[in-house]
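Listed below, chain by chain, are the residues.
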Amino acid sequence: ELHVQKSRSRWWPYLNFLATSVQLDLPMSWSQNDLEGLKGTASWLSSTPAQASDIFERVVMPIMVANPDLWPKEIQTTGMFLQTLSWVMSRGFCGA
């Protein structure tokens, strides 16, 4: 909605806030050197940049390509996927 409906979306204020305030900072977007600091922890094993790219190409991209009215070509990128994922992961909580 942020890139397709823009300010016409009822979610515009919230999405615009996320776009301007939440910085991409997920281990799956870190360099190999930065990931070395997580060695020996569960986070180190959870995801790598290569895994994130693979998930995007294998799972997300086919859905985007099949629905270009929802996902224009200019937002069909790994970077946009990681940014959106960071929004969800920073706001979503797992609970029982």
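Structural data are supplied above this passage.
The rules behind the values
- Residues numbered from 1 in each chain as written.
- Predicted model: local features only at pLDDT ≥ 70, side-chain atom pairs only at ≥ 80, totals over all residues.
- Heavy atoms only, no water.
- Phe/Tyr/Trp six-rings, centres within 6.5 Å; stacked < 30°, edge-to-face > 60°.
- Helix = DSSP H or I, 4+ residues; strand = E, 2+ residues; numbered from the N terminus.
- Buried < 20%, exposed > 50% of the residue type's maximum accessible area, 1.4 Å probe, protein only.
- Expected span 1.5 Å × (residues − 1).
- Contact = heavy atoms within 4.5 Å.
- Polar contact = N/O pair within 3.5 Å; in protein donor to acceptor, adjacent residues only side chain to side chain.
- Axes fitted to C-alpha atoms, helices over the stretch in contact; angles between N-to-C directions.
- Parallel < 35°, antiparallel > 145°, perpendicular 65-115°, else oblique.
- Nonpolar A, V, L, I, M, F, W, Y, C, P; charged D, E, K, R; others polar.

1. Details of the packing of aromatic side chains
Stage number 1. Taken as a whole and assessed by the stated rule, the structure comprises 1 aromatic pair.
Stage number 2. Residues Phe 56 and Phe 81 carry aromatic rings whose centres are separated by 5.6 Å and whose planes lie at 40° to one another, so their mutual orientation is tilted. With Phe 56 in helix α4 (residues 49-66) and Phe 81 in helix α5 (residues 78-91), this pair connects stretches of sequence that are 25 residues apart.
Stage number 3. With a relative accessible area of 15%, Phe 81 lands in the buried category.

2. Description of α5
Stage number 1. Counted at 1.5 Å a residue, the expected span for α5 with its 14 residues is 20 Å, and the 20 Å between its end C-alpha atoms agrees.
Stage number 2. What α5 keeps buried is the set Met 80, Phe 81, Leu 82, Ser 86 and Trp 87.
Stage number 3. The inward-facing, buried residues of α5 abut α1 (12-21) and α4.

3. Things to note about the side chain of Gln 76
Stage number 1. Within the secondary structure layout, Gln 76 lies in the loop between α4 and α5.
Stage number 2. Among the polar contacts listed, one links the side chain of Gln 76 to the backbone oxygen of Trp 71, at a separation of 2.7 Å.
Stage number 3. Excluding residues within four positions of it along the chain, Gln 76 makes contact with Phe 56, Met 61, Met 64, Val 65 and Trp 71.

4. Some thoughts on the packing of α1 against α5
Stage number 1. Running from N to C, α1 and α5 cross one another at 105°; their axes reach a closest spacing of 11 Å. On the basis of their axis angle, the class for α1 and α5 is roughly perpendicular. The segment α1 lies against α5, with Tyr 14, Leu 15, Phe 17, Leu 18 and Ala 19 engaging Gln 83, Trp 87 and Arg 91.
Stage number 2. Here the contact of α1 with α5 is composed, by residue class, of 6 nonpolar, 1 polar and 1 charged.

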